[in-house]
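Close look at the chain arrangement
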Amino acid sequence: MKFRGCLIASDYDGTLYNNEGIITQQVREKIAYYIANGGRFTVCTGRTKQGFHAYDSSYINAPVLLANGSTAYDYAENKLCFKVPVGEEIFDAIRSVADAFPNVSIEMYSYYNSFVINNSETSHYHFTVQNIDYSVVSDPSEADSPWQKVMLYAPGDVSAKVQEYLKANWHDVHFLPTTGEYIEIMQKGVDKGTGLLKLADSLNISHDKIFSVGDGFNDVEMLAAAKIGFVPANGCEEAFAAADKIVRSNDEGAVAHVIEILDGIF
């Protein structure tokens, strides 16, 4: 089986899914071919456990990497494989941001429930579009912890101000800006790349048989960690810089193109 011992991790939005929010038949057929020939395929996404509803055993046959690599969940076995959470160590930082920036919504995602401080229409929409129930709280201590991650919605030029505030006042808080005016906070040392390597080790997959594909800023570490990192043609500049190869856009079957390339290699 030519792909035995191989692992492909794909970003979700903008990579595996096309711009209409579906996995095309072409992509599904290529993944089915890859799996039938011994490969392991999974999704590596910024979405949390309660926000990821796309598990399907027909195209995912490995634990899913969630919350930008902080969590691995095996949907087939309905069990948590590993987690690297954030919790009480950042409570004071969260309180400080909430006080200094009352127009910034702070979304906190535990492993089973979700919470928000300074709720906004955007945060309400963000939870709703992912079919996530949530509770409004006034202090982080009122939310279940630990958390998979924390998301700060900082509209417009507020995002840059919040980032500078965190750098100046909370050196130990690990964060990264993402699309849609959000800043994500995770445990220090956590990213999609470290999560991918940890998952591969748990599956006894050699690092020289890890492959990844992603289009966004939060995919950079995952692209760098893989033996070959692929970026779809619709990717951002940072992803292009980190990747080894450019493939077709997500609308043209990026993941199918990745498997076609690996088919030629193996």
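Now for a look at the structure at hand. (Residues numbered from 1 in each chain as written. Predicted model: local features only at pLDDT ≥ 70, side-chain atom pairs only at ≥ 80, totals over all residues. Heavy atoms only, no water.)

Some remarks on the state of the cysteines
Taken as a whole, this structure holds zero disulfides when the rule is applied. Unpaired in this structure, cysteine 44 has its nearest cysteine sulfur neighbour in cysteine 81, at a distance of 13 Å. For cysteine 44, a relative accessible area of 0% translates into the label buried. For cysteine 81, a relative accessible area of 34% corresponds to the partly exposed category. (Disulfide = S-S within 2.5 Å. Buried < 20%, exposed > 50% of the residue type's maximum accessible area, 1.4 Å probe, protein only.)

Some details on the sheet that holds strand β10 (residues 174–178)
Within a sheet, adjacent strands bond to each other through the backbone by hydrogen bonds, running parallel or antiparallel. Here we have six strands laid out as an open sheet, ordered β8-β7-β6-β9-β11-β10, and mixed in their pairing. If you trace the sheet from one side to the other, it starts and ends with β8 (135–136) and β10, each paired once. In this sheet, strand β11 (residues 182–186) lies alongside β10 in antiparallel orientation, the contact comprising five bridges. Looking at β11, one finds that proline 177 is bridged to isoleucine 183. Those strands touched by helix α3 (residues 91–100) are β6 (105–109), β7 (114–117), β9 (149–153) and β11, and its axis lies near 155 degrees from that of β6. Lying on the sheet, helix α4 (residues 121–129) is in contact with β6, β7, β9 and β11; it crosses β6 at an angle near 25 degrees. (Pairing = 2+ DSSP bridges. Helix = DSSP H or I, 4+ residues; strand = E, 2+ residues; numbered from the N terminus. Contact = heavy atoms within 4.5 Å. Axes fitted to C-alpha atoms, helices over the stretch in contact; angles between N-to-C directions.)

Here we look at the pattern of salt bridges
Tallied over the full model, the rule gives 12 salt bridges. Measuring nitrogen to oxygen at the nearest pair gives 2.6 Å for the salt bridge that ties aspartate 263 to lysine 2. Linking aspartate 263 in helix α9 (residues 254–265) with lysine 2 in the segment before β1 (7–10), this pair joins segments that are 261 residues apart in sequence. Within this structure, Asp11, Lys192 and Asp219 form a network of salt bridges that share partners. (Salt bridge = Lys/Arg side-chain N within 4 Å of Asp/Glu carboxyl O.)

Remarks on helix α5 (residues 158–169)
Taking 1.5 Å as the rise per residue, α5 with 12 residues should run 16 Å; its terminal C-alpha atoms sit 16 Å apart, in good agreement. All buried positions along α5 are accounted for by Val158, Ser159, Val162, Gln163 and Leu166. What you see down the axis of α5 is that its buried residues fit within an arc of 140 degrees, all on one side. Along its buried surface, α5 packs onto α3, β9, β10 and β11. (Expected span 1.5 Å × (residues − 1). Arc of directions from axis to C-beta.)

What to know about the environment of alanine 93
Structurally, the position occupied by alanine 93 is in helix α3. Overall, alanine 93 belongs to the buried group, its relative accessible area being 5%. Once the C-alpha coordinates of alanine 93 and histidine 171 are considered, the two residues, 78 residues apart in sequence, prove to be 9.9 Å apart. Excluding anything up to four places from it in sequence, alanine 93 contacts Trp170 and Val173.

Structural notes on the sheet that holds strand β3 (residues 64–66)
In spatial order, the strands read β3-β4-β5; together these three strands make up an open sheet with antiparallel pairing. Of all strands in the sheet, those bounded by a partner on one side alone are β3 and β5 (79–83). Sheet twist, expressed as the average angle between the axes of neighbouring strands with direction ignored, equals 25 degrees. Pairing analysis gives four bridges linking strand β4 (residues 71–74) to β5, with the strands arranged antiparallel. Along β5, the bridge assignment pairs aspartate 74 with lysine 79.

None of this, on its own, says anything about what the molecule does.
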